[in-house]
Amino acid sequence: MEEYRLQIDKTAKPLLIIDYTFGSDRQLELMKSTNLPTALQNAKVKTEFDLAYAWSEFARKYLEKTKEIAATPICWQGHYDQLGRVMLEMMRLSRDKQDMSSQEDVYEIIPNLEEIPFISKPSRLEDKMFCRIWLSLIRHPAFIEMELDEDELTSFNYWQGLFTIALGKTNSELLKQSA
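Starting from 1, residues in each chain are numbered consecutively following that chain's sequence as written. Residues qualify for local features only when their pLDDT is at least 70, as the model is predicted, and side-chain atom pairs are given and counted only at 80 or more; totals for whole chains, interfaces and linings, by contrast, use all residues. To obtain the side-chain values, all non-hydrogen atoms of the structure were used and water was disregarded.

Asks: Would you take a moment to explain the pattern of salt bridges for this structure?
Replies: Pairs may arise between side chains of opposite charge once their charged atoms sit close together. Any carboxyl oxygen of Asp or Glu within 4 Å of a side-chain nitrogen of Lys or Arg constitutes a salt bridge here. What the rule picks out here adds up to six salt bridges. Glutamate 48 serves as the salt-bridge partner of arginine 95, at 3.5 Å between the closest nitrogen and oxygen. On the criterion of sequence distance, the pair formed by arginine 95 in helix α3 (residues 77-95) and glutamate 48 in helix α2 (residues 48-65) is long-range, its members being 47 residues apart. For every residue, the accessible area obtained with a 1.4 Å probe (protein chains only) is divided by the maximum for its type, and the residue is called buried under 20%, exposed over 50%, and partly exposed between those limits. According to the relative accessible area criterion, arginine 95 is partly exposed, its value standing at 36%. A salt bridge links glutamate 57 to arginine 60; the shortest N-O distance between them is 2.4 Å. Of this pair, glutamate 57 and arginine 60 both sit in helix α2, three residues apart, which is roughly one turn of the helix. Neither glutamate 57 nor arginine 60 differs from the other in exposure class; each is buried. Connected via shared salt-bridge partners are Glu48, Glu89, Arg92, Arg95 and Asp96. Note on conventions: DSSP H or I runs of at least 4 residues are helices, E runs of at least 2 residues are strands, and numbering of each starts at the N terminus.

This is the structure:
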């Protein structure tokens, strides 16, 4: 089966996705040594890297088993790592919401950390929505034109907005590393 890898256009707006894998991240050791807030820790997920890696693996397993992508290309491993990094940034945004709320109105839509304890335990049906959002953002052929019912659409749009904020912060951090 063919591998799908987003061709990065450095001039593309508004969505620029840095070519990112865990292996190329200079901050990897810091992620591995930074514990998550106690409320988010569980038996398998204790550090920031654990959270990012759990989402990377969850997305890979989900995509391999999804009927929607039958006869479409498999994803490049880096796209799963990118999703893990964005989910980690969503956790950080929620954790640091109080510090940011005076900066911009956009942070008002970010949930408080105690509202998203599920973020460190990807496994449920609802969690697959995050994978679907990510795959639509990277323009995977099977997820460009998804069919969503009315209830799903509201939730999808809300979380996609948060993904965009988290992705922007992730990209900024990775661009600083490569400079």
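Asks: Help me understand the packing of α2 against helix α5 (residues 128-137), please; the structure alone is not making it clear to me.
Replies: Whenever a helix is involved, its axis is fitted only over the stretch in contact; in every case the axis is a line through C-alpha atoms, and angles between N-to-C directions fall within 0 to 180 degrees. Axis separation between α2 and α5 bottoms out at 10 Å; the angle between their running directions is 85°. In this view, α2 runs roughly perpendicular relative to α5, as classed from their interaxial angle. Contacts between α2 and α5 involve Trp55, Phe58, Ala59, Tyr62 and Leu63 on the former and, on the latter, Lys128, Phe130, Cys131, Arg132 and Leu135. Comment on the angle field: the value is read as roughly parallel under 35 degrees, roughly antiparallel over 145, roughly perpendicular from 65 to 115, and oblique elsewhere. By definition in these notes, contact holds between two residues if any of their heavy atoms fall within 4.5 Å.

These figures capture arrangement, not role.
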